[in-house]
2 protein chains.
Amino acid sequence: MTVLRIGVSSGAPLKTRRSAASAAVSLVTPTPADPSGEPAWLNTILKGDCVAALEKLPAKSVDLVFADPPYNLQLGGDLHRPDQSKVDACDDHWDQFESFEAYDAFTRAWLMAVKRVLKKDGSIWVIGSYHNIFRVGAILQDLGFWILNDIVWLKSNPMPNFRGKRFTNAHETMIWATPSREAKYTFNYEALKTFNDDLQMRSDWQLPLCTGSERLKDASGQKVHPTQKPESLLYRVLTASSKPGDIVLDPFFGTGTTGAVAKRLGRNYVGVEREEAYIEAARKRIDAIEAGSGASLDMQKGKRAEPRIPFGSLLEAGLLAPGTELTCPKGKHLAVVRADGSLVSGDHSGSIHKVGALVQGAEACNGWTFWHINDNGARNPVDELRKLLRSRLAE
Amino acid sequence: MTVLRIGVSSGAPLKTRRSAASAAVSLVTPTPADPSGEPAWLNTILKGDCVAALEKLPAKSVDLVFADPPYNLQLGGDLHRPDQSKVDACDDHWDQFESFEAYDAFTRAWLMAVKRVLKKDGSIWVIGSYHNIFRVGAILQDLGFWILNDIVWLKSNPMPNFRGKRFTNAHETMIWATPSREAKYTFNYEALKTFNDDLQMRSDWQLPLCTGSERLKDASGQKVHPTQKPESLLYRVLTASSKPGDIVLDPFFGTGTTGAVAKRLGRNYVGVEREEAYIEAARKRIDAIEAGSGASLDMQKGKRAEPRIPFGSLLEAGLLAPGTELTCPKGKHLAVVRADGSLVSGDHSGSIHKVGALVQGAEACNGWTFWHINDNGARNPVDELRKLLRSRLAE
DNA sequence: GGCATTTGTGAATCCTACT
DNA sequence: CAGTAGGATTCACAAATGC
């Protein structure tokens, strides 16, 4: 590995805690620079503050940017699961900002630095959650970026809401934008359509979290980075909006998911990262990857599961009215539907499955086939309504 | 139908094209006002500009707000499908703004007006697309609103991207927020979980677009409103975050989807709308709906709603005798019940919760489910006794 | 080894009534 | 208003452990 010190930035200090960080920028090359005339920073990690490091790159030199900036989570105290185990929160210093103003200043600064190095026909992706994405999106627009899409990453296995106080936070948002309205950006429409079973790729992507062996762990088994993104996500981003040989910049490189996928896909990368531990992990990770072999260029298919239809949807859709009476197949048991999708039968109330089990004294029950509606004398299971709604949703 | 002119607003003119609109505010009641002391504006549509109209409502008077503001779409000329037919875009004058600054000023103005009339423990939903939602979200935060969730509405049948230049825009985003971090907002967690087949509801909602007979059409078959939302969306919003009898405000009432669902679900509504044609359509629509009432509106309740039973009551009721031995689920920890309802386990003594936590070395513990009684070899949690006592007390 | 069961964990703005 | 104590609260996977 080569480390080139390419100068110390004078810096344009930000009015945030981040600004206190070292402005020194050094260049880390996992593999020796190619003597063929490629720039020295290609396929390297710049160590240092994002804005200062980007000053070392020429203007209009990168084709694509993927940025996973700090989210500015504003967490209260500790959070425990119902089994009393403590949630390993992302409380790292780099995610702390004093105010929205400080976060905005930080965001404006790195986006301006990125805009300088982005080619005029390049594009940028930024990922975030509701804590920060609205500020990022507004500042992107203020800086003249042109939003092409917002993409929602639907997590198939998100962390639940343990206290039952909100909806499960089951997605993150990515903004895809060009530096100007006129940009002739790369979008591999046909490839994506083919990938998606000949249907246009939609703005909602179902992908699992980064877990298991993909998740980088240190010697003690702890995760190296609190927010490592899954390679499948980057795979789809790079496949959609870059070409082989393109240069992909990640200004918050972390443990190098962007670099890893770029290398696999035959793209060049350049990363910026401040924390030595992350750089070290990223370097090892990327070195172990074989660059752009043909077979690996196949995209991982995100399984598009058949939509699950909750019982309550029948009421929302107007297929069932609150107050409707349901019976068991033989008409012995009776229950009434409430507006919230619960059933009431005598003293019992709850979901169609729970009440079905309770009235039978059974452990479990499939409410869809147990509960029936009286249709002009004929008893039909509510499952018939589900089929109807499913066909509507499939249109 | 009653139309009450309740005054002409002096207005606080906005620096947008909207400000040119009439500041006259009149009150439209689909059904005559109730003489029972309800405010005259309840279940009515206020005709006029949003900010001016909201000045007619008392401060802290509504429980929930649902807002579907103009999206500020920046369409660059007509869009044509591959077959050259023209797409019926939303190019109404009310959706046009001269700049982001103008849109921001408009957004700030109506959000401030809404914040004044919202109760301190109320909440607000705003829906938008990537054209405007980032600006709305950032301004919400700037005004001190506290975001609880962002919810993505996944459209099962979105309009495809005809030119193949972007991903199919298949979702819209809703922000759910309270007027302050401290708000004790309504969230019918248990009801939603029951609704969703006993799984907690996530932040991604798959619902079809408003089409078919639900979509309001005029005499010539044209859609009355370009962005009519499906009732199913409002059904879920109101079920999640309001109670029967609550007052729901929609400051961009349009053709009254919010009012229609509010009436169906036994909530009160108040709408604000500028266009007479929309008001007329909304009025007819809501008049034709039967108001929800009665037990079918009751929502599934969780343990939090149950009356609290002190542990000592079990002793008072004779369900438990002093000196009884309790164990943890696996029988490892042992404790003895004292006559005052406290437990003793080794050196530890105190409430069932405190001792449960101490013997486990945990921060907290629910003693009701932790401590078990030996019933002829079977271990049953003391919570079973609480249930028994509760059912006795309910008789 | 094979299968069943238990344990661990993920970008989280996560309580409330009473004294 | 602050402090204290009661006691409510989780889903999908994958890895680890047990039989």
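From a predicted model like this one, the values you see are computed outputs, not experimental measurements.

Reading the values: rules and limits
Residues numbered from 1 in each chain as written. Chains lettered and ligands numbered in written order. Predicted model: local features only at pLDDT ≥ 70, side-chain atom pairs only at ≥ 80, totals over all residues. Heavy atoms only, no water. Near = heavy atom within 4 Å. Polar contact = N/O pair within 3.5 Å; in protein donor to acceptor, adjacent residues only side chain to side chain. Nonpolar A, V, L, I, M, F, W, Y, C, P; charged D, E, K, R; others polar. Contact = heavy atoms within 4.5 Å. Buried area = accessible area lost by both parts, 1.4 Å probe. Salt bridge = Lys/Arg side-chain N within 4 Å of Asp/Glu carboxyl O. Pairing = 2+ DSSP bridges. Helix = DSSP H or I, 4+ residues; strand = E, 2+ residues; numbered from the N terminus. Axes fitted to C-alpha atoms, helices over the stretch in contact; angles between N-to-C directions. Buried < 20%, exposed > 50% of the residue type's maximum accessible area, 1.4 Å probe, protein only. Parallel < 35°, antiparallel > 145°, perpendicular 65-115°, else oblique. Left-handed = near helix turned anticlockwise from the far one by under 90°. Domains from an automatic or database assignment. Core = buried A, V, L, I, M, F, W, Y, C linked by side-chain atoms within 4.5 Å. UniProt positions renumbered as here; feature names shortened; annotations may be inferred.

Novice: Give a detailed account of the protein's contact with DNA strand C, specifying residues and quantitative values.
Specialist: All names here are of chain A. Every one of the 38 residues lining DNA strand C counts as a neighbour, but R81, Y130, R163, K165 and K223 are closest to it. For DNA strand C, the backbone portion of the atoms within 4 Å of the protein, that is sugar and phosphate, comes to 47%. Within the backbone of L79, one N or O atom sits 3.4 Å away from a base nitrogen of DNA strand C. N157 is positioned such that a nitrogen or oxygen atom in its backbone is 3.3 Å from a base nitrogen of DNA strand C. When grouped by side-chain class, the residues that make up the surface near DNA strand C number 18 nonpolar, seven polar and 13 charged.

Novice: Just give me the short version of the protein's contact with DNA strand D, but keep the residues and values in it.
Specialist: Residue and element names in this part refer to chain B. Looking at DNA strand D, there are 28 residues lining it, with Y189, K193, R308, H353 and R386 nearest. Sugar plus phosphate, as a fraction of atoms of DNA strand D within 4 Å of the protein: 58%. Side-chain polar atom of N366 to a phosphate oxygen of DNA strand D: 3.5 Å apart, as the coordinates give it. For DNA strand D, a phosphate oxygen lies 3.2 Å from a polar atom in the side chain of W368. Among the residues making up the surface near DNA strand D, the classes are represented as ten nonpolar, ten polar and eight charged.

Novice: Explain the interface of chain A and chain B to me, and be specific about the residues and the numbers.
Specialist: At the junction of the two partners, chain A supplies 79 residues and chain B supplies 77 residues. When the two sides are added together, the surface that chain A and chain B hide from each other amounts to roughly 6,600 Å², 50% of it contributed by carbon and sulfur. On the chain A side of the interface with chain B, the three residues burying the most area are F134, F167 and E316 of chain A, jointly 14% of the side's total. One can count four salt bridges joining chain A with chain B.

Novice: I'd like a rundown of the sheet that holds strand β14 (residues 348-350) of chain B, residues and numbers included.
Specialist: All names here are of chain B. Taken in spatial order, the six strands line up as β14-β13-β12-β11-β15-β16 in an open sheet, and their pairing is antiparallel. Every interior strand has two partners, whereas the edge strands, β14 and β16 (378-381), have only one. Recorded for the sheet is a direction-independent mean angle of 35° between the axes of neighbouring strands. With four bridges connecting them, strand β15 (residues 372-375) and β16 associate as antiparallel partners. By the bridge assignment for β16, N374 is matched with R379. Sheet strands in contact with helix α9 (residues 352-360) are β13 (343-345) and β14, and its direction is about 155° off that of β14.

Novice: Which residues make up the environment of V87 of chain A, and what are the values?
Specialist: All names here are of chain A. For V87, the location among the structural elements is in the loop between β4 (62-67) and α2 (100-117). When its relative accessible area of 10% is taken as the criterion, V87 is described as buried. Distance in space between the C-alpha atoms of V87 and M159 is 9.9 Å, their sequence separation being 72 residues. Leaving out residues up to four positions away in the same chain, V87 has contacts with L79, R81, M159 and F162.

Novice: Describe the packing of helix α2 (residues 100-117) of chain B against helix α3 (residues 133-142) of chain B, naming the residues involved and giving the relevant values.
Specialist: Each packed pair of helices is defined by two parameters, the angle between the axes and the distance between the axes. Residue and element names in this part refer to chain B. It is the contact of α2 with α3, at a shortest axis distance of 10 Å, that shows an interaxial angle of 50°. Our classification of the angle between α2 and α3 gives oblique. The interaxial crossing formed by α2 with α3 has right-handed handedness. Between α2 and α3, the residues in contact are F100, Y103, D104, T107, R108 and L111 and R135, V136, I139 and L140, respectively. Partitioned by chemical class, the residues of the contact of α2 with α3 number six nonpolar, one polar and three charged.

Novice: Account for the side chain of E231 of chain A, naming residues and giving values.
Specialist: Residue and element names in this part refer to chain A. Along the chain, E231 falls in helix α5 (residues 231-241). On the accessibility criterion, E231 (14% relative accessible area) is buried. Among the polar contacts made by the side chain of E231, one reaches the side chain of R264 at a distance of 3.1 Å. A polar side-chain atom of E231 sits 3.0 Å from a polar atom in the side chain of R285.

Novice: Could you give an account of the domain arrangement of chain A, with specific residues and numbers?
Specialist: Domain boundaries in chain A define domain 1 (44-73 + 89-297) and domain 2 (311-394). Measuring from the centre of the C-alpha atoms in domain 1 of chain A to the corresponding centre in domain 2 of chain A gives 45 Å.

Novice: Report on the sheet that holds strand β16 (residues 378-381) of chain A, specifying residues and quantitative values.
Specialist: Residue and element names in this part refer to chain A. Strand order across the open sheet formed by six strands is β14-β13-β12-β11-β15-β16, with antiparallel pairing between neighbours. Edge positions in the open sheet fall to β14 (348-350) and β16, since each of these has one partner strand only. Going across the sheet, the axis of each strand differs from the next one's by a mean of 35°, ignoring polarity. Sheet strands in contact with helix α9 (residues 352-360) are β13 (343-345) and β14, and its direction is about 155° off that of β14.

Novice: Explain the nonpolar core residue by residue, including any values.
Specialist: W110 and I124 of chain A together with W110 and I124 of chain B are the most contacted members of the largest nonpolar core, which has 83 residues in total. When neighbours within four sequence positions are excluded, W110 of chain B is seen to be in contact with C50, V51, A67, P69, I124, V126, P251 and F252 of chain B. L319 and L385 of chain A together with W153 and Y189 of chain B belong to the second largest nonpolar core, which has 64 residues in total.

Novice: Give me the lowdown on the UniProt feature "domain: DNA methylase N-4/N-6" (unreviewed entry) in chain A, citing residues and values where you can.
Specialist: Summarizing the sequence annotation, UniProt attributes the feature "domain: DNA methylase N-4/N-6" (unreviewed entry) to residues 62-283 of chain A in the numbering used throughout. Within the segment residues 62-283 of chain A, helix and strand shares are 28% and 22% respectively, and the terminal C-alpha atoms sit 21 Å apart.

Novice: Could you give an account of unusual backbone geometry, naming the residues involved and the relevant values?
Specialist: Residues and elements named next belong to chain A. Non-glycine residue N72 carries a positive phi angle of around 60°. Turning to its location among the elements, N72 is positioned in the loop between β4 and α2. Owing to a relative accessible area of 3%, N72 belongs among the buried residues under this scheme. Not every positive phi belongs to a glycine, and D197 is a case in point at roughly 55°. Exposure remark for D197: the relative accessible area of 58% places this residue in the exposed category.

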